[in-house]
Amino acid sequence: MAAEKSKMKNLTEGSPAKLIIGFAIPMFLGMLFQQFYSMVDTMIVGKFLGLKPLAGVGSTGSLNFMVIGFCIGVCNGFAIPVAQKFGAKDDSALRRFVANATWLCIGFAAVMTIAASVFCRDILLFLRTPQNVFQYAYWYMLIIFLGIPCTFLYNFLAALIHSLGDSRTPVVFLAISSVLNIVLDLVFILVFHWGVIGAALATVLSQGISGVCCLFYVGRTFPILHGNRSEWKVQPRYMVRLCTIGIPMGLQYSITAIGTLVIQAAVNGFGATVMAGRLGNFLSCPIEALGQTMAPYVGQNVGAGKLKRVSKGLKAASLMGFCVSAVLLVIVVLFGRRMSVLFLDAGEVEAMGYAYQYMTVTAAGYCLLTLVNTVRFTIQGMGFSGIAILAGVFEMVARTLAGTLLVAVAGYFGICMANTLAWIFADAFLIPAFFLCRRRLEKHYPSE
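Residues numbered from 1 in each chain as written. Predicted model: local features only at pLDDT ≥ 70, side-chain atom pairs only at ≥ 80, totals over all residues. Heavy atoms only, no water.

**Regarding the packing of aromatic side chains**
1) Next: The tally for this structure, following the rule as stated, stands at 12 aromatic pairs.
2) Next: Measuring from centroid to centroid gives 5.4 Å for Y138 and W139, while their planes differ by 70°, and the two rings are edge-to-face.
3) Next: Since its relative accessible area comes to 36%, W139 is described here as partly exposed.
4) Next: Geometrically, the ring pair formed by F192 and W194 is tilted, given 5.0 Å between the ring centres and 35° between the ring planes.
5) Next: Among the aromatic residues, ring-to-ring pairing joins F70, F78 and F108 into one connected group. (Phe/Tyr/Trp six-rings, centres within 6.5 Å; stacked < 30°, edge-to-face > 60°. Buried < 20%, exposed > 50% of the residue type's maximum accessible area, 1.4 Å probe, protein only.)

Next comes the structure, spelled out in structure tokens:
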């Protein structure tokens, strides 16, 4: 029991800024390791297989985000009621939410694996994936989709661990699996000559192993999660609550990705060279980590009825994000061209130019992305995922406009501006929505 308590962390007491930064740093490292799954694929494919296979893998980014992002969003949403019950110190209800979330994850994983695999080819055709890279894109995404159960396994368990205040342990498992991913990439591509199929298999196997590690860790470290038979029964009212939060969070990712898919279709129209240039999105990881930290932080504090700490935490996280945004912009301006060499051969001058332009314009809008993440995850931690999903609709509209009107007028620069426009639209909705959600909660905690 002592080991359990040392791993769990109460986020309802102490300095909000210190708690958030202490929680966000491991989250940031974890996101970097997660990025390695796709980044190493991109680097090795680009270096050893050439530009067309690289473009095939790169052209699947938005589709990957739409489907896999839904899985991640659902898992994060399922963990919010757990964080709230942990903050409220209601252990029995916490276990019932964990049990019913487990059954839901199994069902979602089965349905999504079948559906995504069956319609993979049709979706790629709809996206106008160029014929010269189509097969690379198809085989890569098919294997990624067949690995959806691995995605659910890791992300639900990681979200569960995060909801209990432990942001460090999942990073350890991701570090191990990232090293394994690099090794498998090299073996499958250079030794077995499996091409992009090998890159996808390495990604799926590595994430599956990290998920299994998390499963053993949770079983041995958190006795608080060991429920009796009655607590592990399927209970509709718990499932309804979980779906009310989890599905909107998943749809938020997917709706945002629909707008990104419009941009992807426009990018595909420019050809393989431009697709290869849209790399370097891993730079936003620190901002994303700050945002995702807010969900367990806010969830625990709402469960404990401490709304003032919610507002203080949002302010602290946003200020930290603004500082990080300024540093990232300087890094991109000074070193952006050199960074693109990680993914592209030095001779691909045109692709490197596209990459630098895209990264620079995008980084200039990271202060807007900071608010998108911190405010959105705060609203979700409050339990209002249905409201937060509307921000995804605004982003989708903005990216659709960029993918049609701006591209027609400004060409590739219109694509570069798509993210900034989407973040402006999202912030215009999210900031007023936060104050609305705050007022709603104050009715339940009038004395706080």
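There is more to say after this.
**Let's talk about the side chain of S385**
1) Next: Along the chain, S385 falls in helix α17 (residues 385-410).
2) Next: Using a relative accessible area of 1% as the deciding quantity, one classes S385 as buried.
3) Next: A polar side-chain atom of S385 sits 3.2 Å from the main-chain carbonyl oxygen of I245.
4) Next: When residues no more than four places from it in sequence are discounted, the contact partners of S385 are T244, I245, P248, M249 and Q380. (Helix = DSSP H or I, 4+ residues; strand = E, 2+ residues; numbered from the N terminus. Polar contact = N/O pair within 3.5 Å; in protein donor to acceptor, adjacent residues only side chain to side chain. Contact = heavy atoms within 4.5 Å.)

**Some thoughts on the pattern of salt bridges**
1) Next: Across all of its chains, the model carries 2 salt bridges by this definition.
2) Next: The salt bridge involving E231 is made with R95; its shortest N-O contact spans 3.0 Å. Highlighted residues: E231 in the loop between α10 (195-221) and α11 (236-270) and R95 in helix α5 (residues 91-118), separated in sequence by 136 residues.
3) Next: Looking at E231, the relative accessible area reads 5%, which means it is buried.
4) Next: Here R438 ties to E442 by a salt bridge, and the two come within 2.8 Å at their closest N and O atoms. Taken together, the residues span about one helical turn, with R438 and E442 both in helix α19 (residues 418-444) at a distance of 4 residues. (Salt bridge = Lys/Arg side-chain N within 4 Å of Asp/Glu carboxyl O.)

**Quick notes on the environment of V196**
1) Next: Relative to the helices and strands, V196 resides in helix α10.
2) Next: Residue V196 is classed as buried on the basis of its relative accessible area, which comes to 6%.
3) Next: In contact with V196, other than residues within four places in its own chain, are V45, L49, P53, V57, Y136 and Y140.

**As for the nonpolar core**
1) Next: Counting residues in each nonpolar core, the largest one holds 64 residues, and the members touching the most others are F78, I148, F152, F222 and L225.
2) Next: Apart from residues lying up to four places away in sequence, I148 is in contact with V67, I68, C71, A109, M112, T113 and A116.
3) Next: With 52 residues, the next largest nonpolar core counts L11, A317, W423 and A426 among its residues. (Core = buried A, V, L, I, M, F, W, Y, C linked by side-chain atoms within 4.5 Å.)

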